[in-house]
Amino acid sequence: MELENIVANTVLLKAREGGGGKRKGRSKKWKEILRFPHISQCTEQGDDIERDYDDYEVTPDEKRKCRGDQIIKTFLSKQSPQRVDIAEVFADQCRENLELSPCKEIFSNCHKTVHDYLSGAPFLDYQNSMYFDRFLQWGMLERQPITKDTFRQYRVLGKGGFGEVCACQVRATGKMYACKKLEKKRIKKRKGESMALNEKQILEKVNSRFVVSLAYAYETKDALCLVLTIMNGGDLKFHTYNMGTPGFEKDRVRFYAAQICCGLEHLHRESIVYR
């Protein structure tokens, strides 16, 4: 058993380091897996998509599901002039508020002016450019069904009431995640269907660096699988009792407590209460 653990740990570490080769943990067929569909296949999606600038605007607190947003930002940065005129009155307000009470809201009027400009001619130009075609192709690519064959499975990281959590790796990109497997038999036996669905819906809403987020979800014959952000380094209990003298210094406690509070604050903003 000890030898099996050593082998499992070695394989996992190699995967986390990127596979140790030029492909960085990616499958031999990764280029084929990530190949864009021809733009002619995206026509129907282009007709159905909402052509509203506000739907494309990316804000720090907003969870975007399509990588096409990066294409949009690239287009706007290249096509738009480097300078947008801001009314002098807004500039004066910013200077005054900066001295009185520095905060991110002081630039809200300037922010609105810039986006009012971008939502006009630059956004129309974007929709007639190759960047919008790329956005549609990304959308089609991300609509491909996710199955267990999308991932490589590695060792078990932990166990819970409905199943286990194992490390996994996306074959196409080599990126590592944690796969939480909820066994269907256990869910049904404990009448936990609503709880499992609730967990998935909550994880879909969450977008905070202090809370694990949902990257993929799929099911097999025996389990519901939630693919989550992987947190390397061990849990808090492990560090409390297994890393030198039990306990932490006061500064470290404050740091961890602040992170926990930030995570809870984000959940509360989303109207989510954790036990």
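Calculation criteria
- Residues numbered from 1 in each chain as written.
- Predicted model: local features only at pLDDT ≥ 70, side-chain atom pairs only at ≥ 80, totals over all residues.
- Heavy atoms only, no water.
- Helix = DSSP H or I, 4+ residues; strand = E, 2+ residues; numbered from the N terminus.
- Buried < 20%, exposed > 50% of the residue type's maximum accessible area, 1.4 Å probe, protein only.
- Contact = heavy atoms within 4.5 Å.
- Areas by Shrake-Rupley, 256 points an atom, 1.4 Å probe, with all protein chains shown as cover.
- 1 Å grid on protein atoms, 1.4 Å probe; cavity = no way out; pocket = protein on both sides within 12 Å on 5 of 7 lines; lining within 4 Å.
- Points joined across faces, edges and corners; volume = space filled by probe spheres on them.
- Nonpolar A, V, L, I, M, F, W, Y, C, P; charged D, E, K, R; others polar.
- Domains from an automatic or database assignment.
- Salt bridge = Lys/Arg side-chain N within 4 Å of Asp/Glu carboxyl O.
- Phe/Tyr/Trp six-rings, centres within 6.5 Å; stacked < 30°, edge-to-face > 60°.
- Lys NZ or Arg CZ within 6 Å of the ring centre and 35° of its normal.
- Core = buried A, V, L, I, M, F, W, Y, C linked by side-chain atoms within 4.5 Å.

S.K.: Give me the overall build of the protein chain: which residues, what numbers.
M.R.: Counting its secondary structure elements, the protein chain contains 13 helices and five strands. Taking all 275 residues of the protein chain together, 29% fall into the buried category. A fraction of 61% describes how many contacts in the protein chain between residues 6 or more apart in sequence connect residues 24 or more apart. In the structure as shown, the protein chain presents an accessible area of about 19,500 Å², 53% of it carried by carbon and sulfur atoms.

S.K.: I'd like to hear about the layout of surface pockets, residue by residue, with values.
M.R.: For the largest pocket, the calculated volume is near 2,400 Å³. Lining the largest pocket are 49 residues, with Phe 210, Val 211, Val 212, Met 231 and Asp 235 positioned closest to its centre. For the lining of the largest pocket, the element with the most residues is helix α13 (residues 250–269), which contributes six residues. For the lining of the largest pocket, the residue count by class is 26 nonpolar, 13 polar and ten charged. When residues of the lining of the largest pocket are sorted by domain, at least three fall in each of domain 1 (1–29 + 146–229) and domain 3 (236–270).

S.K.: Break down unusual backbone geometry for me, with residues and values.
M.R.: Despite not being glycine, Lys 191 shows a phi value in the positive range, around 55°. Secondary-structure assignment places Lys 191 in the loop between α10 (184–189) and α11 (193–205). Residue Ser 271 is not a glycine yet carries a positive backbone phi of 60°. Residue classification places Ser 271 among the exposed positions, given a relative accessible area of 68%.

S.K.: Quick one: what's the story with the pattern of salt bridges, residue by residue and with numbers?
M.R.: Here the structure, examined in full by the defined rule, presents seven salt bridges. The partner of Glu 32 in a salt bridge is Arg 35, and the shortest N-O contact between them spans 3.1 Å. A salt bridge links Arg 269 to Glu 265, with the shortest nitrogen-to-oxygen separation between them at 3.9 Å. Taken together, the positions of Arg 269 and Glu 265, both in helix α13 and four residues apart, correspond to about one turn of that helix. Taking the relative accessible area as the measure of exposure, Glu 265 reaches 46% and is therefore partly exposed.

S.K.: Requested: an account of the packing of aromatic side chains, with residues and values cited.
M.R.: On inspection of all chains with the given rule, the structure shows nine aromatic pairs. Between the aromatic rings of Tyr 177 and Tyr 216, the centroid separation amounts to 5.6 Å while the plane-to-plane angle is 90°, which identifies the pairing as edge-to-face. With a gap of 39 residues between them, Tyr 177 in strand β3 (residues 176–183) and Tyr 216 in strand β4 (residues 214–219) connect regions that are remote in the sequence. With respect to class, Tyr 177 is no different from Tyr 216; both count as buried. Three or more aromatic residues joined by ring pairs make a cluster, and in this case those are Phe 123, Tyr 126, Phe 132 and Phe 135. For the cation-ring pair, Arg 190 lies above Phe 162, with the distance from its terminal atom to the ring centre recorded as 5.5 Å.

S.K.: So what about the environment of Leu 157? Which residues, and what values?
M.R.: Mapping Leu 157 onto the fold places it in strand β1 (residues 151–159). Here Leu 157 falls in the partly exposed class, since its relative accessible area comes to 44%. In the structure, Leu 157 is positioned 22 residues away from Cys 179 in sequence and 9.3 Å away in space, judged by C-alpha atoms. The residues touching Leu 157, leaving out its near neighbours within four places in the chain, are Leu 12, Val 165, Cys 166, Ala 167, Ala 178 and Ile 230.

S.K.: Explain the nonpolar core to me, using residue names and the numbers behind them.
M.R.: Formed by Phe 151, Cys 166, Cys 168, Val 170, Ala 172, Tyr 177, Cys 179, Tyr 216, Tyr 218, Ala 223, Cys 225 and Val 227, the largest nonpolar core amounts to twelve residues. Of all elements in the fold, only β2 (163–170), β3, β4 and β5 (223–228) reach the threshold of two or more residues within this core. When residues no more than four places from it in sequence are discounted, the contact partners of Cys 225 are Cys 179, Lys 180, Lys 181, Tyr 216, Ala 217, Tyr 218 and Thr 220.

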